[in-house]
Amino acid sequence: LADLESAPAVLTCLFSIDWYWNRINGKQEIMIGYSDSGKDAGRLSAAWQIFKTQEECVKVAQEFGIKLTIFHGRGGSVGRGGGPTHLAILSQPPDTIHGSLRVTVQGEVIEQSFGEEHLCFRTLQRFTAATLEHGMNPPKAPKPEWRALMDIMTPIATEEYRCVVFNNPQFIEYFRAVTPELEYGRMNIGSRPSKRRPSGGIESLRAIPWIFAWTQTRFHLPVWLGVGAALRYAINSDRKNLQMLQEMYNQWPFFRVTLDLIEMVFTKGDPGIAALYDRVLVDESLQGFGNNLRKKYEKTKDLLLMVTGHRELLQANPTLKQRLRLREPYLTTLNVQQVYTLKKMRDGDTLSATDGGLVSHHKPTAEVVRLNTTTEYAPGLEDTLILTMKGIAAGMQNTG
């Protein structure tokens with residue numbers, strides 16, 4: 001978050017260098033990062049700081065006569081700045097696009113958006129249409145009182161998020177027990193090492209495995225943690241703020257898209273599945289920690305529905321709600337398979353193929369299924385875990 005806050009000052013120093021200003025011919029591209037800011041402060045605080053940073057950087061560029069192009073370093077998942085392309089572009093601050101836009105497309109989003117010819121053209125049409133619409137019909141600028149309320153809420157959200165993730169001594173032990181983060185780090189299934197420093201804690205964990213781990217358990221903690229505390233503080237400090245929050249949701253594209261994406265994540269989530277991971281994988285001494293997080297989850301969901309005015313999640317998007325409902329039984333099966341596979345792996349299940357184990361090597365099966373023979377675990381365990389990871393990621397429509 002600190003890097004985003006200091007970005008306008010950095011640009012001012014850069015543009016003040018005469019030889020640099022003469023060299024760039026009036027054009028500059030900057031990249032706005034979504035992933036690490038979300039991991040550092042939570043989704044709500046990161047989104048608001050990114051919004052303000054874009055505004056301030058554009059002002060700096062205009063003062064120096066520079067045309068600024070913003071490169072959005074968004075990931076596929078909501079926790080890393082992902083979301084529907086059209087809405088994401090239209091929710092950007094006024095005067096920040098001006099007909100030019102650059103974004104990262106990575107991971108599973110490449111296949112979903114560009115994997116076939118018709119998908120590729122549809123995706124490019126969405127980018128083009130939204131970019132043109134943002135220029136010809138700019139989104140409404142936030143009212144001063146909306147900005148003031150966001151500036152009050154986001155420090156509360158950040159404090160709640162960091163209090164749990166960085167300052168609670170139980171968190172790292174709980175996180176590594178309840179999610180497949182450690183197993184993910186040992187398997188060669190990512191494009192980069194899961195940690196920047198092997199011996200580091202949460203701060204050294206890359207954003208992709210951080211989001212991926214919580215997506216697998218259907219708890220999505222990085223997206224919603226802190227949001228409930230911020231909304232509750234705003235409403236409790238002045239009852240008129242509830243009406244203002246509802247006004248912000250109905251009239252301000254940025255705020256509406258932010259809450260809609262969090263609501264969508266709640267629809268994908270399942271605290272019951274998260275509780276199963278707790279019961280099977282977490283030591284009894286940490287069970288209370290998980291229970292408290294699930295209470296925060298439910299309170300945040302209730303406050304979100306209060307602000308949006310919805311009776312139930314995704315009330316405004318019944319098509320997506322039905323699609324998620326159809327996937328539910330398949331995802332639940334995969335989650336149950338995953339949690340007990342993790343249990344076996346952690347209990348030191350190192351049976352050989354001849355001992356029976358998870359699979360028996362009948363010749364017809366061996367011809368179809370090729371198991372990893374170099375794994376440290378019993379035959380089939382690591383293969384099963386990887387398959388469940390891929391299946392859950394596909395069902396969630398994002399990995400990390």
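Structure: see above.
Below is a short write-up of the structure. (Residues numbered from 1 in each chain as written. Predicted model: local features only at pLDDT ≥ 70, side-chain atom pairs only at ≥ 80, totals over all residues. Heavy atoms only, no water.)

We now examine the nonpolar core. By size, the foremost hydrophobic cluster in this structure holds 73 residues, and its most contacted members are F171, W210, W214, L221, L245, W252 and F255. With eight residues, helix 8 (residues 144–165) is the largest single contributor of residues to this core. Here F171 is in contact with V164, V165, I202, W210, W214, L221 and F289, once residues within four sequence places are set aside. The next biggest cluster of nonpolar side chains, apart from the first, holds 19 residues, and it includes L1, A7, I50 and L68. (Core = buried A, V, L, I, M, F, W, Y, C linked by side-chain atoms within 4.5 Å. Buried < 20%, exposed > 50% of the residue type's maximum accessible area, 1.4 Å probe, protein only. Helix = DSSP H or I, 4+ residues; strand = E, 2+ residues; numbered from the N terminus. Contact = heavy atoms within 4.5 Å.)

Looking now at the pattern of salt bridges. Taken as a whole and judged by the stated rule, the model has 15 salt bridges. In this structure, E160 engages K296 in a salt bridge whose closest nitrogen and oxygen atoms are separated by 2.8 Å. Residue E160 is found in helix 8, and its partner K296 is found in helix 17 (residues 287–308); the two are separated by 136 residues along the sequence. Among the residues examined, E160 registers a relative accessible area of 18% and is labelled buried. Residue classification places K296 among the partly exposed residues on the basis of a relative accessible area of 29%. Residue E298 pairs with K301 through a salt bridge whose shortest N-O separation is 3.3 Å. Residue E298 and its partner K301 are both found in helix 17; the two are separated by three residues, about one turn of the helix. Look at the salt bridges and you will find they share partners, linking R218, D270 and E328 into a network. (Salt bridge = Lys/Arg side-chain N within 4 Å of Asp/Glu carboxyl O.)

So, about the packing of aromatic side chains. In this description, an aromatic ring pair is defined by two values, namely the gap between the centres and the angle between the planes. Summed over all chains, the structure comprises 26 aromatic pairs. Grouping aromatic residues by their ring pairs yields a cluster made of F171, Y174, F175, W210, W214, F219, W224, F266, F289 and Y297. (Phe/Tyr/Trp six-rings, centres within 6.5 Å; stacked < 30°, edge-to-face > 60°.)

The backbone of N25 shows a phi angle near 55°, a positive value even though the residue is not glycine. When you line up the elements, N25 lands in the loop between helix 2 (18–23) and strand 1 (27–33).

With that out of the way, let us pick up the sheet that holds strand 3 (residues 102–103). Spatial strand order, 1-2-3: three strands in an open sheet with parallel pairing. Sheet topology places strand 1 and strand 3 at the edges, where each strand pairs with a single neighbour. Docked against the sheet, helix 4 (residues 43–63) engages strand 1 and strand 2 (67–73), running at close to 160° with respect to strand 2. (Pairing = 2+ DSSP bridges. Axes fitted to C-alpha atoms, helices over the stretch in contact; angles between N-to-C directions.)

It is worth spelling out the side chain of H220 at this point. In this structure, H220 sits in the loop between helix 11 (207–216) and helix 12 (221–224). Judged by its relative accessible area of 7%, H220 falls in the buried class. With near-sequence residues (within four places) excluded, H220 lies in contact with W214, T215, V265, K268, G269 and M396.

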